[in-house]
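Descriptive analysis of the structure
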Amino acid sequence: MKNKIPLISVIVPVYNVKDYLKDCLNSIILQSYSHMEILLIDDGSTDGSGDICDEYAKKDSRIKVFHQKNLGLSAARNMGLNHMNGEYLTFVDSDDTISKFFLELLLKEILMYQVDMVVCDYLRYVHDDEIIDQYIDSYQLFFLSGTDVLKSLGKSYHYLFIPSWGKLYHKDIFKHLRFKEGKIHEDAFIFHLLYENVNSICCLNTKLYFYRLSYMSITRIKGIYYDHFDIIDALESRLRFYQQKQWGECVDATINEIIYKLMNGYDDERWDKNFIKEKIKYYKKKYSKKRNLRLCIELFLFSISPNLRKYSILLLKYIKKLIHIFKR
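Residues numbered from 1 in each chain as written. Predicted model: local features only at pLDDT ≥ 70, side-chain atom pairs only at ≥ 80, totals over all residues. Heavy atoms only, no water.

Observations regarding a nonpolar patch on the surface
Heads up, the condition is: Candidates for patches are residues over 30% relative accessible area with no salt bridge; among them, like charges are joined within 9 Å and nonpolar side chains (Val, Leu, Ile, Met, Phe, Trp, Tyr) within 5 Å. Surface accessibility in these figures is a Shrake-Rupley result with a 1.4 Å probe; residues are shielded only by whichever protein chains are displayed. Within this document, salt bridges are pairs made up of a side-chain nitrogen of Lys or Arg and a carboxyl oxygen of Asp or Glu, the two lying within 4 Å of each other. For the purposes of this entry, the term helix denotes a DSSP run of H or I that reaches at least four residues, the term strand denotes a run of E that reaches at least two, and both are numbered from the N terminus.
On the surface, a cluster of nonpolar side chains totalling about 390 Å² of accessible area is made up of Leu 315, Tyr 318, Ile 319 and Ile 323. Assignment of secondary structure puts Ile 323 in helix 12 (residues 306-327).

Right, here's the structure in full:
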């Protein structure tokens with residue numbers, strides 16, 4: 001540390017989460033590592049969340065509150081990045097919480113191994129679940145490069161790297177990088193740009209970030225998941241990146257993911273069904289490489305009837321559930 005205690009910037013975008021915001025803020029201010037600044041970005045909340053931010057700022061000098069009109073999650077995170085002073089930074093969603101030892105353990109590893117960022121696992125929970133939070137002095141580590149992550153499509157650990165939260169970054173990663181504003185799925189848009197800037201990553205196989213499955217989370221996932229084809233835009237941006245790199249397996253995997261997303265979005269009334277069919281036809285015709293058996297079957301069922309595919313998947317899930325029950 002060279003006798004200098006690193007300052008960590010904790011960036012928290014806030015929008016209409018008054019039922020959960022205090023839990024989130026309490027989990028941050030009670031961290032075992034205390035040398036931090038907490039940047040609360042009130043993104044035009046209308047439910048009193050902004051007042052809660054101001055209330056906490058009066059009690060804790062480490063908290064800085066920024067109020068802005070509703071511009072979206074990307075703009076809120078960018079506001080935090082533009083005003084941060086820390087050597088390291090992390091993002092926390094305002095309806096989630098973190099372990100009391102989140103900052104301490106992630107900082108410990110980033111300093112010990114001199115990596116660009118540290119990633120931990122996360123726990124999904126609903127609001128009434130009991131979370132056991134205790135100091136963990138024994139856990140496994142593994143190390144990757146940014147290129148390893150970009151090529152990890154289909155790997156069991158890939159899910160850890162998609163969200164922007166649950167990580168501690170060195171500030172230089174975001175020196176010339178910002179989230180794409182006006183878009184949903186901001187993490188998907190930034191994924192390949194972020195890891196292209198990262199040389200070394202330390203991964204902890206322990207759950208230190210607690211992801212709340214709240215009403216807001218479900219709305220965020222189901223209600224606006226397919227809005228404006230943003231997820232397709234993000235994946236096609238990633239596809240162009242992989243094509244430029246000439247990473248064939250990544251190109252194929254991304255195309256497959258695009259096709260899955262298109263089929264899954266067919267029932268959303270905001271998506272143009274003819275556009276979806278034409279888009280799928282385009283990718284089937286132009287890119288015919290390496291489709292797994294499951295995708296081939298789903299595409300065949302979809303071509304007969306999108307409902308046939310949908311109900312076949314539901315039936316398969318029901319059968320798996322019954323098998324699981326009978327095996328108990």
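Observations concerning the nonpolar core
Where we set the bar: As used in this record, nonpolar core signifies buried Ala, Val, Leu, Ile, Met, Phe, Trp, Tyr and Cys residues forming a set joined through side-chain atoms within 4.5 Å. Three exposure classes are used, based on accessible area relative to the maximum for each residue type with a 1.4 Å probe and protein chains only: buried under 20%, partly exposed in between, and exposed over 50%. For this analysis, residues touch if any pair of their heavy atoms sits within 4.5 Å.
Of all hydrophobic cores here, the largest spans 96 residues; its most connected members are Phe 161 and Phe 174. In this structure Phe 161 touches Val 119, Leu 144, Val 149, Lys 167, Phe 191, Tyr 195, Ile 201 and Cys 203, once residues within four positions along its chain are discounted.

Side note on the packing of aromatic side chains
Applicable threshold: Only Phe, Tyr and Trp rings take part, Trp by its six-membered ring, and two of them pair if their centres are within 6.5 Å. Stacked means planes under 30 degrees apart, edge-to-face means over 60, and tilted covers everything else.
Applying the stated criterion across every chain, the model contains 21 aromatic pairs. Taking the centre distance of 5.7 Å and the plane angle of 70° together, the rings of Tyr 122 and Tyr 159 count as edge-to-face. Of the two residues, Tyr 122 sits in strand 6 (residues 117-125) while Tyr 159 sits in the loop between helix 5 (146-150) and strand 8 (167-170), which places them 37 residues apart along the sequence. Tyr 122 gets classed as buried once you look at its relative accessible area, which sits at 12%. Note on Tyr 266 and Phe 302: the rings are 5.4 Å apart at their centroids and 85° apart in plane angle, and the pair reads as edge-to-face. Here the residue Tyr 266 occupies a position in the loop between helix 9 (248-264) and helix 10 (273-286), and Phe 302 occupies one in helix 11 (residues 293-304), the gap between them amounting to 36 residues.

A short note on the packing of helix 11 against helix 12
In plain terms, the rule: To get an axis, a line is fitted to the C-alpha atoms, and for a helix only the part in contact is used. The angle between two axes follows their N-to-C directions and goes from 0 to 180 degrees. An angle below 35 degrees is treated as roughly parallel, one above 145 as roughly antiparallel, one from 65 to 115 as roughly perpendicular, and anything else as oblique. Note on residue categories: nonpolar means Ala, Val, Leu, Ile, Met, Phe, Trp, Tyr, Cys or Pro, charged means Asp, Glu, Lys or Arg, and polar means any other residue, Gly included.
Running from amino to carboxyl end, helix 11 crosses helix 12 at an angle of 135°, the nearest separation of the two axes being 5 Å. Here helix 12 runs oblique to helix 11, going by the angle between their axes. Residue-level inspection shows Glu 298, Leu 301, Phe 302 and Ile 304 of helix 11 in contact with helix 12, the latter providing Pro 306, Leu 308, Arg 309, Ser 312 and Ile 313. Along the lines of polarity and charge, the residues of the contact of helix 11 with helix 12 split into six nonpolar, one polar and two charged.

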